[in-house]
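Examination of the molecular architecture
Okay, here's what each chain looks like letter by letter:
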Amino acid sequence: MLTRLTLVAAVLLLALPAPAQTAGAAPRASRARVSANGLYTVRLVETAPGQCRLEVGSDAPQGSWSVERCVGSADDLYFVANDGATVWVLRPLAEKPAGTEQQHVKKGKAPAWAAARVAWEVVRPGELRQELRLSGLVPTKRLSEVRQFRAHFGWLEGTLGIPGKGPRLTDAGEVEFETVDGKTHRLKF
């Protein structure tokens, strides 16, 4: 009887929601990635909700730099140029703008969520150089292939259970990825 009660108590404890991240909780960080030439690394650290630091590291003199603001989230993918001065950010799980959660793709017309930002380039010292929207990467007639979630969508092959190769940095120093429509894209630094 005591064993059964212990087992029930353990199951109930496991069913409780995880506590929210508190100020004393460990920071979350994106996966660190290395430049094509192997000289630089990049990652984003979320020190607290709404507080982040983009870190570009290097053993080279004056090669390391950081930005004390959120230029993405720990769930995004970061790629750094061979000179360490430029970072591309890809957001595999993009948020739908407020009020567009239930919009469906209609023949010939792109829903408002297709205008969501899915990639952007950040240059040292943290300035936004350019940004890409889903509508610029996936044609309207292929938006039905985008994976829909309630308030988000998935658009990159090799992420979020979408079959295909994941985003990668080529030997030529370009970010290469495939969208859900199977088209290959290359981003230059």
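Described below are features of the structure shown in this document. Every value quoted in this text rests on a predicted model; they were computed, and no experiment measured them.

Below, the discussion takes up the overall build of the protein. Secondary structure assignment for the protein yields 2 helices and 15 strands. Buried residues in the protein amount to 40% of all 189 residues. For the protein, the proportion of contacts with a sequence separation of at least 24, taken over those separated by at least 6, is 46%. Split by element, the accessible area of the protein, about 11,000 Å² in all, is 55% carbon and sulfur.

Moving on, we get to a nonpolar patch on the surface. Together, Leu-93, Phe-149 and Leu-160 make up an exposed nonpolar region whose accessible area comes to about 250 Å². When you line up the elements, Phe-149 lands in the loop between β11 (147-148) and β12 (152-154).

Another point: unusual backbone geometry. Following Arg-124, the chain continues to Pro-125 via a peptide bond in cis, the omega torsion being 15°. Phi is positive for Leu-160, which is not a glycine, with a value near 55°. Looking at the secondary structure, you find Leu-160 in the loop between β12 and β13 (168-169). A residue is classified by how much of its surface remains accessible, and Leu-160, at 42% relative accessible area, is partly exposed.

This part is about the environment of Pro-125. Looking at the element boundaries, Pro-125 is found in the loop between β9 (117-123) and β10 (127-133). As a C-alpha pair, Pro-125 and Thr-86 span 39 residues in sequence and 9.1 Å in three-dimensional space. If we ignore the near neighbours within four places in the chain, the residues touching Pro-125 are Trp-65 and Val-67.

Moving on to the sheet that holds strand β6 (residues 77-80). Within the open sheet, the 4 strands sit side by side as β6-β7-β9-β10. Their pairing is antiparallel. Whereas interior strands pair on both sides, the edge strands pair on one side only; in this sheet they are β6 and β10. Neighbour to neighbour, the strand axes of the sheet diverge by 20° on average, direction disregarded. Bridge count for β9 against β10 is 6 bridges, and the pairing is antiparallel. When the bridges of β10 are listed, Arg-117 appears paired with Arg-133.

The residue His-185 is located in strand β15 (residues 184-187) in this model. Overall, the relative accessible area of 9% leaves His-185 in the buried class. Polar contacts involving the side chain of His-185 include one to the main-chain carbonyl oxygen of Leu-137, which spans 3.4 Å.

Thresholds applied
Residues numbered from 1 in each chain as written. Predicted model: local features only at pLDDT ≥ 70, side-chain atom pairs only at ≥ 80, totals over all residues. Heavy atoms only, no water. Helix = DSSP H or I, 4+ residues; strand = E, 2+ residues; numbered from the N terminus. Buried < 20%, exposed > 50% of the residue type's maximum accessible area, 1.4 Å probe, protein only. Contact = heavy atoms within 4.5 Å. Areas by Shrake-Rupley, 256 points an atom, 1.4 Å probe, with all protein chains shown as cover. Patch = residues over 30% accessible without salt bridge, like charges linked within 9 Å, V, L, I, M, F, W, Y side chains within 5 Å. Salt bridge = Lys/Arg side-chain N within 4 Å of Asp/Glu carboxyl O. Pairing = 2+ DSSP bridges. Axes fitted to C-alpha atoms, helices over the stretch in contact; angles between N-to-C directions. Polar contact = N/O pair within 3.5 Å; in protein donor to acceptor, adjacent residues only side chain to side chain.

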